[in-house]
Every structure is written in C-alpha cells, then in structure tokens.
Amino acid sequence: MNLFADQLEQTAIERIQKFAKIAGKMGFEVCLGFSGGKDSQVCYDLCKRSGIVFKAYYNVAFESNTTKRFISEHYAHDICNDCSNIFDTFIDDPCWSLRFSQELTDKIKKNK
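**Points about the overall build of the chain**
Thought 1: If you tally the helices and strands in the chain, you get 5 helices and 3 strands.
Thought 2: Put simply, the chain runs from its N terminus to its C terminus through helices and strands in the order α-β-α-β-α-β-α-α.
Thought 3: Taking all 112 residues of the chain together, 24% fall into the buried category.
Thought 4: Residue pairs at least 24 apart in sequence account for 62% of intrachain contacts in the chain once pairs closer than 6 positions are excluded.

This is the structure we're talking about:
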C-alpha cells in the first residue's frame, strides 16, 4: 500500500490540467491515444477526473478483436476510432510532436 497514492494522483491531475491550459493557449486540443491497456485506462481516468476537455482515440487497425470488444463494451461512447485527423497532422508534419513537446517543455519551465 502506498501512503502517498492520493498525493501522487493529485499531482498527476494538476499536471494534466496545466498541460491542457498550455495546449489550449497554443490552440491545440488535448488528445489521448488509447490502446485499452492498463496505462491507457489510467491516463483516461486521470483526464476524466481532471475535468479537462479531451478526445481519446484508438486505431482499430492495430488492435486485436479482444481489445476492440473490450473498448466497445467499456468505452464505446468516449473513445473515437477515427484517427484520420490525428494521423494527418503527423503525415503532413512528422516533426510536429517533437516541436510541440519542446514548446510545451519550454513554456512549463518558463511558468515555474
């Protein structure tokens, strides 16, 4: 049992809220890549509890039938399986995520 679990969860939620605020100021929407695995479920839950506006996506081409069934049973209304607009960003500008990550890191450092 981790005595600091609540504190760790609150820290994660605060960081997600800070990220969403910075992303919003930069004109980006917050998107979550969702695979149906444990890590994705935790990130999804933290985003929901943080109260931010976000979209969660999964790519049906890469998932097993078992995973597709799990997602459709438990997340059908919340997870979008149309990733075309997300992947278009990467296809049009493959360095976008690297630049965005660097911009975000710089803004977070500046706001400390």
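**Topic: the nonpolar core**
Thought 1: Within the largest apolar cluster, 17 residues are counted, with the highest numbers of intra-cluster contacts made by Phe34, Tyr44, Ile52, Phe54 and Ile79.
Thought 2: Those elements that provide at least two residues to this core are α1 (5-25), β1 (30-33), α2 (38-50) and β2 (54-57).
Thought 3: At 4 residues, α1 tops the list of elements feeding residues into this core.
Thought 4: If we skip the residues at most four places from it in the chain, Ile79 touches Phe34, Tyr44, Ala56, Tyr57, Tyr58 and Ile71.

**A short note on the packing of aromatic side chains**
Thought 1: By the definition in use, this model includes 5 aromatic pairs.
Thought 2: Ring-pair connections join several aromatic residues into one group, and the members of that group are Phe34, Tyr44, Phe54, Phe70 and Tyr75.

**Focus: the sheet that holds β1**
Thought 1: The sheet built from 3 strands is open, its strands ordered β1-β2-β3 with parallel pairing. The open sheet terminates on both sides in strands that have one partner only, identified here as β1 and β3 (79-80).
Thought 2: Here β2 pairs with β3 via 2 bridges, running parallel. Bridge assignment links Tyr57 to a residue of β3, and that residue is Cys80.

**Observations concerning the side chain of Ser50**
Thought 1: Note on placement: Ser50 falls in helix α2.
Thought 2: Residue classification places Ser50 among the buried residues on the basis of a relative accessible area of 8%.
Thought 3: Engagement of the side chain of Ser50 in a polar contact is seen with the backbone oxygen of Cys47, the distance being 2.7 Å.
Thought 4: A polar side-chain atom of Ser50 sits 3.4 Å from the main-chain amide nitrogen of Ile52.
Thought 5: The residues touching Ser50, leaving out its near neighbours within four places in the chain, are Ile13, Ile16 and Gln17.

**Description of the side chain of Ser40**
Thought 1: With respect to the secondary-structure elements, Ser40 resides in helix α2.
Thought 2: Since its relative accessible area comes to 10%, Ser40 is described here as buried.

**Considerations on α2**
Thought 1: Between the first and last C-alpha of α2 there are 18 Å, a value that for 13 residues agrees with the 18 Å anticipated at 1.5 Å per step.
Thought 2: Of the residues making up α2, those classed as buried are Ser40, Tyr44, Leu46, Cys47 and Ser50. Taken around the axis of α2, the buried residues stretch over an arc of 165 degrees, which confines them to a single face.
Thought 3: Buried residues belonging to α2 abut α1, β1, β2 and β3.

The rules behind the values
Residues numbered from 1 in each chain as written. Predicted model: local features only at pLDDT ≥ 70, side-chain atom pairs only at ≥ 80, totals over all residues. Heavy atoms only, no water. Helix = DSSP H or I, 4+ residues; strand = E, 2+ residues; numbered from the N terminus. Buried < 20%, exposed > 50% of the residue type's maximum accessible area, 1.4 Å probe, protein only. Contact = heavy atoms within 4.5 Å. Core = buried A, V, L, I, M, F, W, Y, C linked by side-chain atoms within 4.5 Å. Phe/Tyr/Trp six-rings, centres within 6.5 Å; stacked < 30°, edge-to-face > 60°. Pairing = 2+ DSSP bridges. Polar contact = N/O pair within 3.5 Å; in protein donor to acceptor, adjacent residues only side chain to side chain. Expected span 1.5 Å × (residues − 1). Arc of directions from axis to C-beta.

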